[in-house]
Amino acid sequence: MNSLEEQLGGVHSVAVAGHVKPDGDCIGSCLATYNYIRDYDPDMQVRVFLEPIPNIFKFLPGAGAIDSAPDASMRFDLVIVQDCGDAKRLGKAAVLLDNAKRVICIDHHISNTGFGDDRYIVPNASSTSELVFDLMDQARITKQVAECIYTGIIHDTGLFQYSSTSPKTMRTAAFLMEQGIPFTEIVDQTYIQKTFEQNQILARAIEKSRLHLDGACISSVITENDMKECRVLPKHLEGIVAQLRATKGVEAAIFFYPQEGQGYKISLRAASDAVNVAQIAVRYGGGGHIRAAGASTDMEPQECLAQILEMVRQQLEGRE
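Not measured: the values here are computed from a predicted model.

**Student:** Would you mind going over the overall build of the protein in detail, with residue names and values included?
**Tutor:** Within the protein, the secondary structure is distributed over twelve helices and eleven strands. Here the C-alpha radius of gyration of the protein, 19 Å, is about what a compact globule of 320 residues would show, namely 20 Å. C-alpha atoms of the protein, sized along the principal axes, occupy 60 × 45 × 40 Å. For the protein, buried positions account for 52% of its 320 residues. In the protein, 65% of the contacts between residues at least 6 apart in sequence involve partners at least 24 apart. For the protein, the computed accessible surface area is about 14,300 Å², with 48% contributed by carbon and sulfur atoms. For the protein, the distance from the average position of its 30 positive side-chain charges to the average position of its 41 negative side-chain charges is 3 Å.

**Student:** Let's hear about unusual backbone geometry: which residues, and what values?
**Tutor:** Look at Lys-21: it is not a glycine, yet its phi comes out positive at around 50°. Along the chain, the position of Lys-21 falls in the loop between β1 (13–18) and α2 (24–40).

**Student:** An account of the pairing of strand β11 (residues 292–297) is requested, with residue identities and associated values reported.
**Tutor:** The pairing of strand β9 (residues 264–270) with β11 spans six bridges and is classified as antiparallel. Bridging from a neighbouring strand, Tyr-264 pairs with Thr-297 of β11. When strand β10 (residues 287–288) meets β11, the two strands line up antiparallel, connected through two bridges. When the sheet's bridge partners are listed, Gly-288 is paired in β11 with Ala-293. Hairpin connection from β10 to β11: three residues lie between these consecutive antiparallel strands.

**Student:** Tell me what's going on with the packing of aromatic side chains, and back it up with residues and numbers.
**Tutor:** All told, the structure shown has five aromatic pairs when counted by the stated rule. Ring geometry for Phe-49 and Phe-76: centres 5.9 Å apart, planes at 75°, overall edge-to-face. Highlighted residues: Phe-49 in strand β2 (residues 45–49) and Phe-76 in the loop between β2 and β3 (78–82), separated in sequence by 27 residues. Among the residues examined, Phe-76 registers a relative accessible area of 3% and is labelled buried.

**Student:** How would you summarise the side chain of Thr-297 if you had to cite specific residues and measurements?
**Tutor:** In this structure, Thr-297 sits in strand β11. At 3.0 Å, the side chain of Thr-297 forms a polar contact with the backbone nitrogen of Met-299. If sequence neighbours within four positions are ignored, Thr-297 has contacts with Phe-256, Gly-263, Tyr-264, Ile-266 and Cys-304.

**Student:** Account for the pattern of salt bridges, naming residues and giving values.
**Tutor:** All chains considered together, the criterion is met by 13 salt bridges. Glu-197 is the salt-bridge partner of Arg-231, the closest N and O atoms lying 3.5 Å from each other. Of this pair, Arg-231 sits in the loop between α9 (224–230) and α10 (240–245) while Glu-197 sits in helix α8 (residues 196–207), placing them 34 residues apart in sequence. A relative accessible area of 55% places Arg-231 in the exposed class. One network of salt bridges, with partners in common, ties together Arg-204, Lys-208, Asp-226 and Glu-229.

Analysis parameters
Sequence order sets the numbering: in each chain, residues are counted from 1 along the sequence as written. Local features in this predicted model are restricted to residues of pLDDT 70 or higher, and side-chain atom pairs are both shown and tallied only at a pLDDT of 80 or more, whereas totals for entire chains, interfaces and linings draw on every residue. Processing note: side-chain calculations cover all non-hydrogen atoms of the structure and skip hydrogens and water entirely. Runs of E in the DSSP output that reach at least two residues are strands. Runs of H or I that reach at least four are helices, and both are numbered from the N terminus. In this setup the radius of gyration rests on C-alpha atoms only. A globule is expected at 2.2 Å times the number of residues raised to 0.38. Only protein chains enter the accessibility calculation, which uses a 1.4 Å probe. A residue is then buried if its area is under 20% of the maximum for its type, exposed if over 50%, and partly exposed in between. Whether two residues are in contact is decided by their heavy atoms, any of which lying within 4.5 Å being enough. All accessibility values rest on the Shrake-Rupley procedure with a 1.4 Å probe; residue burial counts only the protein chains present in the view. Here Asp and Glu are counted as negative and Lys and Arg as positive; His is not counted, and neither are the chain ends. A charged residue contributes its charge at one atom only: NZ of Lys, CZ of Arg, CG of Asp or CD of Glu. One bridge is not enough; two strands pair if DSSP finds at least two bridges between them. Working definition: rings of Phe, Tyr and Trp (its six-membered ring) pair if their centres are within 6.5 Å, and the pair is stacked with planes under 30 degrees apart, edge-to-face with planes over 60 apart, and tilted otherwise. Here a polar contact is taken to be a pair of N or O atoms separated by no more than 3.5 Å, where protein atoms must pair a possible hydrogen donor with a possible acceptor and residues adjacent in sequence count only if both atoms sit in side chains. When a carboxyl oxygen of Asp or Glu is within 4 Å of a side-chain nitrogen of Lys or Arg, the pair counts as a salt bridge.

Below, the structure is given as structure tokens:
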């Protein structure tokens with residue numbers, strides 16, 4: 001895939017969609033593409049489909065246009081799927097693929113299944129937002145588009161901390177900053193600041209954490225009762241698994257919390273390539289990156305944890 005312009009040739013209607021429970025990169029990349037296409041051709045019909053996003057991202061340009069209720073009657077010339085490694089992870093937006101004339105996928109998950117008529121998949125990229133930037137004509141990138149891309153990059157790089165951050169990532173960030181975006185405010189409002197309730201649930205997760213495998217692994221399980229007492233929802237738990245992983249000497253962090261509906265979400269993080277958490281997540285129908293992945297399970301957390309710990313142990317022993 002050479003450029004978005006190439007993909008938009010002869011197209012009159014476009015849908016942009018991302019994975020369920022959208023995070024900063026998914027939201028940032030999708031809104032960047034949505035705004036870019038609106039600027040590229042004001043007469044083109046373009047819509048963006050995502051599940052309801054966290055309040056901290058609602059300042060982003062185009063956030064008010066997000067549609068969370070796609071239906072099977074909708075037809076588009078082109079559907080652009082972003083930051084999603086499997087069509088099943090589109091949730092309700094998966095119906096858009098059935099009637100689309102063409103589907104393209106832009107993603108950086110190593111577990112991507114390779115769906116779509118055309119693909120731009122770069123597993124070692126810092127973020128899908130960086131890949132979206134690569135496909136855009138830089139001369140057409142407005143301040144509004146830059147804000148969305150920058151937000152996505154900082155969230156999937158942990159403020160440029162993760163190993164996927166490259167010199168190219170930093171050059172991209174510099175270009176975006178040069179467009180006049182409020183980069184310090186974006187970092188503070190979407191990454192640094194936490195509500196009192198979020199700090200309480202973080203403290204609860206740390207208090208309940210346990211070390212395993214001679215300190216090489218850490219886990220924590222948050223229950224529905226914990227969440228009710230702290231007055232939080234699943235969307236408020238982002239960042240907890242990263243804090244667990246920051247424990248000195250830990251190679252892998254495993255965090256369980258209740259999903260809306262039933263079952264548990266599993267968030268996995270690794271400190272180095274010694275543990276491939278994406279490989280583990282795939283076993284539970286999930287996916288992600290070598291050092292950051294997630295999945296869901298209907299199993300009891302302790303039963304699932306025992307299985308995951310065995311997989312981590314095997315990977316660590318295989319390194320020796």
